[in-house]
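# Chains, contacts and geometry: an overview
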Amino acid sequence: MQPPLDTVAYVATIVANFISTTPTCCRGVTMTKKPVRLRVVGAACALGLVAALLTGCSSDGGSGDGVAELTFAASTFGDPGRGPQLTAWLEEFNKSQDKVQVSAAAVPYPTFGQTVLTQMGSGKGPDLVRFDMPEFEAAADAGLIAPLDKLIDAGKYDLLKQPDQFMVHDGTRHGIIFEASNYAMFYNADLITTPPTTYEQFVSTAKSLTNGDIYGLAFRQTEAEEAGVWQDIFNYVYGFGGAWSDGKNLTINSPENLKGLQAYKDLYDANVIPRGADAATFRRMFAEGKVGMELNNGGYVTATRGQNPQLKFNVAPIPFPVRKQGAILAPIVINEASPAKDEAASFIRWALEPQNQLKLQEILGASSVATTTQRSAASLEKTPFLTVFDELTETSLPQIVLGFEAKTPDIRKAVVQNVIAALQGKADLKSALDRAQQQATELVG
């Protein structure tokens, strides 16, 4: 959860974050639309300064020479591994067009959702957005995303059914999958010859590898990385048979969730991770051979090779009792406020063409794209474990709370704060989950 969006203090915080993170261009469940939209718009209106600051990022739908100049915002454009390749892929679209041009805008991941939702809530913002699922659900619920049914004929494409089902709300399509990235276990093949296949083996491997400046495992465990902690603990909750809800009621403090999060806490208590290290730090350590295992999504393959092309690493399914894990589903959407929706849709249609899907998948690495594609022989020779990720698609779930999709950021905040409190010894884990259940239940009404 973010602090109340209708407070002047919070809007002032948004303004400060916007100034520090503005891109260079600017320097499926029944959902109710009105309440969230009123909160988002109310936030943008509470200070006239917000709208003034955000005006520069919105597209005017065209230029003097009749070319529609659009902006596509995505945190991945700032990724050191994939960002330059994605920008080059975008330029291929621009070279193929004479009436539409799309420019990339990179907003840092930690503040991406907050920044872009604030822009869209003020009636401004980029024409195209690559969202993560919690922010996608919040934006759709607020009426900030343009319906795509009349802009894109989804029936023309062989869309992946499991991830694509989450792009539709009450029969209305709001997004197309840009990237679907399943979580698996990355391991250093020089340190681990045989990957663990059970949680007990996972623990013993992590303990045996931890020595000096070498750690057996790494995961996020600080409140500053709230969204990342949520992604990490999702695998423990669902991998031990738990769930955040049953679709109608929250089940945060269920016995299964407690068991999964206790496993997460046990590893933290075992000192097998670099405590306090953020994701950027321990991922660099993994690339340097100083971390043995990490649970991460398919996009991490390209990023890791970018940091150390010589690193010998491999991938296996997460060795938890239940084969169910998180997935980063990243939809591409059109801003409802965009004056150039048809032109924005032309870019999505271009991206869905088979040859462009293949190129995008090559850039994304182990991630899937919107449509069914065939991995090339060259890709499989270079990265044989790509099939591990592909085989996990049917058991992967987006990191949202089913039945409470648009409220996921609020629920996430309550859960992460309480789980971190338990890690730090400020509360026992069961009491922390009971408190998170109570707080989240109050938040969702």
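The structure contained in this document is the topic of the report that follows.

## Details of unusual backbone geometry
- The backbone of Asp170 sits at a positive phi, close to 50°, despite the residue not being glycine.
- The topology assignment puts Asp170 in the loop between strand S4 (168-169) and strand S5 (172-173).
- Positive phi, close to 60°, is recorded for Asn271, a residue that is not glycine.
- Considering the arrangement of structural elements, one finds Asn271 in the loop between helix H10 (255-269) and helix H11 (279-287).
- Owing to a relative accessible area of 43%, Asn271 belongs among the partly exposed residues under this scheme.

## Notes on the nonpolar core
- If you look at the biggest cluster of nonpolar residues, it comprises 111 residues, and the most contacted ones within it are Phe72, Phe131, Phe202, Leu217, Tyr236, Trp244 and Phe347.
- Among residues more than four places away in sequence, those in contact with Phe72 are Phe77, Leu90, Val102, Ser103, Ala104, Ala105, Leu128, Val129, Arg130, Phe178, Ile332 and Phe347.

## A few points about the pattern of salt bridges
- Inspection of every chain in the model, using the stated rule, returns 16 salt bridges.
- Here Asp434 ties to Lys430 by a salt bridge, and the two come within 3.2 Å at their closest N and O atoms. Taken together, the positions of Asp434 and Lys430, both in helix H18 (residues 429-444) and four residues apart, correspond to about one turn of that helix.
- Using a relative accessible area of 29% as the deciding quantity, one classes Asp434 as partly exposed.
- Looking at Lys430, the relative accessible area reads 49%, which means it is partly exposed.
- One network of salt bridges, in which partners are shared, links Asp79, Arg82, Arg130, Asp132 and Glu179.

## What about the pairing of strand S1 (residues 68-73)?
- Where burial is concerned, most of S1 is hidden: five out of the six residues are buried.
- Here S1 pairs with strand S2 (residues 100-105) via six bridges, running parallel. Note that in S2 the partner of Glu69 across the bridge is Gln101.
- As paired elements, S1 and strand S3 (residues 128-130) share two bridges and run parallel to each other. Opposite Ala73, over in S3, you have Val129 as the bridge partner.

## Focus: the packing of helix H4 (residues 83-95) against helix H13 (residues 341-351)
- Between H4 and H13, the shortest axis-to-axis distance is 11 Å and the interhelical angle comes to 115°. With respect to H13, the element H4 is oriented roughly perpendicular. Considering the relative orientation of H4 and H13, their crossing is right-handed. Listed contacts from H13 to Trp89, Leu90, Glu92 and Phe93 of H4 are Ser346, Phe347, Trp350 and Ala351.
- Of the residues belonging to the contact of H4 with H13, the class tally is six nonpolar, one polar and one charged.

Cut-off values and rules
Residues numbered from 1 in each chain as written. Predicted model: local features only at pLDDT ≥ 70, side-chain atom pairs only at ≥ 80, totals over all residues. Heavy atoms only, no water. Helix = DSSP H or I, 4+ residues; strand = E, 2+ residues; numbered from the N terminus. Buried < 20%, exposed > 50% of the residue type's maximum accessible area, 1.4 Å probe, protein only. Core = buried A, V, L, I, M, F, W, Y, C linked by side-chain atoms within 4.5 Å. Contact = heavy atoms within 4.5 Å. Salt bridge = Lys/Arg side-chain N within 4 Å of Asp/Glu carboxyl O. Pairing = 2+ DSSP bridges. Axes fitted to C-alpha atoms, helices over the stretch in contact; angles between N-to-C directions. Parallel < 35°, antiparallel > 145°, perpendicular 65-115°, else oblique. Left-handed = near helix turned anticlockwise from the far one by under 90°. Nonpolar A, V, L, I, M, F, W, Y, C, P; charged D, E, K, R; others polar.

Coordinates in, geometry out; function isn't part of it.
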